[in-house]
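Understanding the architecture of this molecule
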Amino acid sequence: MNILITPDVHEWAIGNLTKAIVKHNKRFNFYNIAVHPRGVAQGFMEIKKIFDEGIKIDLWHPQYWHSANQLMEMMPELREIPKILTHHNHYQLDESDWKNYDMLAIPTSWGFEKLSAKHPNVVKIPHGINLDRFSFIEEYPPKEPAVGYVGRVVPHKNLHIICSVAKELGYKVIGCGFVDKPDYWETVPKDNLEFHGGFGRQGMMPPNFETEIYRRMTVFVAYSTGEKETGTLPLLEAMARGVPVLATAQGMARDLIKDGENGIIFDESNFKEKLKMVMEDEKLREELRQNAWNTIRNYPEEKMARNFAKAYYKLLYPKDKLISVIIPTFNRANNLLKVLLSIEAQDYPAKEIIVCDDGSDDETEIVVREAKKKFTTPILYLKTGEKLEYGLAKARNIGAIEALGEILLFLDDRLALEKGALETIAKFTFPNSWQWGAKISKGKVSSKKSFVENFSWILKRNFINLGMFCERINMYGGLSQEIRDRMRAQGIEMRYIKEARAREIVTSSCQKKKNEIWRAKWLLSKMYE
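An account of the accompanying structure is given in this report. Remember, predicted model here, so these are calculated numbers, not experimental data.

**Points about the sheet that holds strand β7 (residues 146-153)**
Each strand in a sheet pairs with its neighbour through backbone hydrogen bonds, running either in the same direction (parallel) or in the opposite one (antiparallel). Across the sheet, which stays open at both edges, the six strands sit in the order β9-β8-β7-β10-β11-β12 with parallel pairing between neighbours. Where the open sheet ends on each side, the last strands, each with one partner, are β9 (193-196) and β12 (264-265). Where β7 meets strand β10 (residues 219-222), two bridges bridge the pair, whose relative direction is parallel. Each bridged residue has a counterpart across the sheet, and for G148 the counterpart in β10 is F220. Sheet strands touched by helix α10 (residues 271-279): β7, β10, β11 (245-247) and β12. Its angle to β10, the strand with the most contacts, is close to 160°.

Right, dumping it as structure tokens:
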């Protein structure tokens, strides 16, 4: 699946959020092209080149409406592509009814309510940050008291007020970013300001500098006004780093901060009072920073990216249940391609493939990579084990956790789906039930109708709640029986669905594994005696 995603500038906040979406969604083929509203022509040429090369874009995710509107004027074919628009500020939400976009995304509850009154398809997806990079600072407070600021120097961030009030109270201000509005910069008092960054985005400090500057902050202030932002990201970063935060009731601060518990909400009338209170109360600061981390730990960028993947599927398949086909494999590259092709050929559209490579040293990864480039079906490739271990249960479990589908289909790498199999599976999936289908071997439907998990499916929520596959079964010959025994003990119905069929493309070699089979049976007898 090919997704066009268009931030404004790669190095700015929206660009960094976009990079995180791309980084953590390996199942999709992304084309990440920056399109700034004051420089649409360059982005237009890059997008046009993609179209000229015959690449079909399945979904477009613009990150800024003004750029996107200009692009649609220049390239009318973009209007025909399913689109999800992310809004990154509040003050422009009334510019349109946004009906020329199929879905809208916004990170705040305030924005979600406002957009939902205009548009029928809105999702709330909060921002996330890199919690490894912005790890909690244990060595606190810094030796020299300082009020912190991170961001562009623009009027709506009110650096001039922060510096003025801090000067009145005798505090230093330390910050980094870049000067976006030189005229405004001239109004900012600088007697007590240590600012790192130059003019224009070329004056930005390196990312590691921003990460480390939080160590020098006693508190962090986000003084945004005018509904110009939905973040800001530095607010989240400061909370993650363990710097007590003070913020106006703007953007995500409304959703994140519980006043007096994990941060301080202020306005123009009480900023001086609140700043002095926090700067001079060591116990309060410690409570705020510990509670802030307990809040922000639930906002990793991985979660944000996964929520966007769910939104993409919801946009493309609003009426169909998504089926995640989980294929554990080991050194069967040629056969695997046949299996993948059988899934791609299914008429049922709402599907994804998760290949769990359990230690292969053949061309499996190359086969999957090439298929991913050409398939409409998203493919996620996972390395799940080592060559020397029998890791089938673990591989399937890892795939199930990563799956986004409501239905999990477990399919061996020696079985190819017959025509209409996924449509049948979507029709015959029941709560509190584990289903399995019929297998065709040498042109005939197998007469064996007892449960085997290698062509079976179940609702993901049931699978997780029931304990998944047992990873203690670390040898061939025990997984199906263990599932049968455990599911029946928990009241789960096992259903044979003869209408769903898969064709055997490689014969099972169970006859050569008798030594493993008896050991697996012995292990099961000890487990369930």
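Past the structure itself, the notes keep going.
**Notes on the pattern of salt bridges**
Tallied over the full model, the rule gives 28 salt bridges. Two residues, E212 and R241, come together in a salt bridge whose shortest N-O distance is 3.5 Å. Taken together, the residues span a long stretch of sequence, with E212 in helix α7 (residues 207-213) and R241 in helix α8 (residues 233-241) at a distance of 29 residues. By relative accessible area, R241 is classed as buried at 2%. In this structure, a network of salt bridges that share partners links the residues E139, E212, R215 and R241.

**Considerations on the environment of A247**
With respect to the helices, strands and loops of the structure, A247 is situated in strand β11. Residue A247 is classed as buried on the basis of its relative accessible area of 1%. Between the alpha carbons of A247 and R215 there is a distance of 19 Å; along the sequence they are 32 residues apart.

**Quick word on the nonpolar core**
I84, F220, L235, Y312 and F455 are the most contacted members of the largest nonpolar core, which has 82 residues in total. Sort the elements by how many residues they give to this core and helix α12 (residues 301-316) lands first, with seven residues.

How each quantity is defined
Residues numbered from 1 in each chain as written. Predicted model: local features only at pLDDT ≥ 70, side-chain atom pairs only at ≥ 80, totals over all residues. Heavy atoms only, no water. Pairing = 2+ DSSP bridges. Helix = DSSP H or I, 4+ residues; strand = E, 2+ residues; numbered from the N terminus. Contact = heavy atoms within 4.5 Å. Axes fitted to C-alpha atoms, helices over the stretch in contact; angles between N-to-C directions. Salt bridge = Lys/Arg side-chain N within 4 Å of Asp/Glu carboxyl O. Buried < 20%, exposed > 50% of the residue type's maximum accessible area, 1.4 Å probe, protein only. Core = buried A, V, L, I, M, F, W, Y, C linked by side-chain atoms within 4.5 Å.

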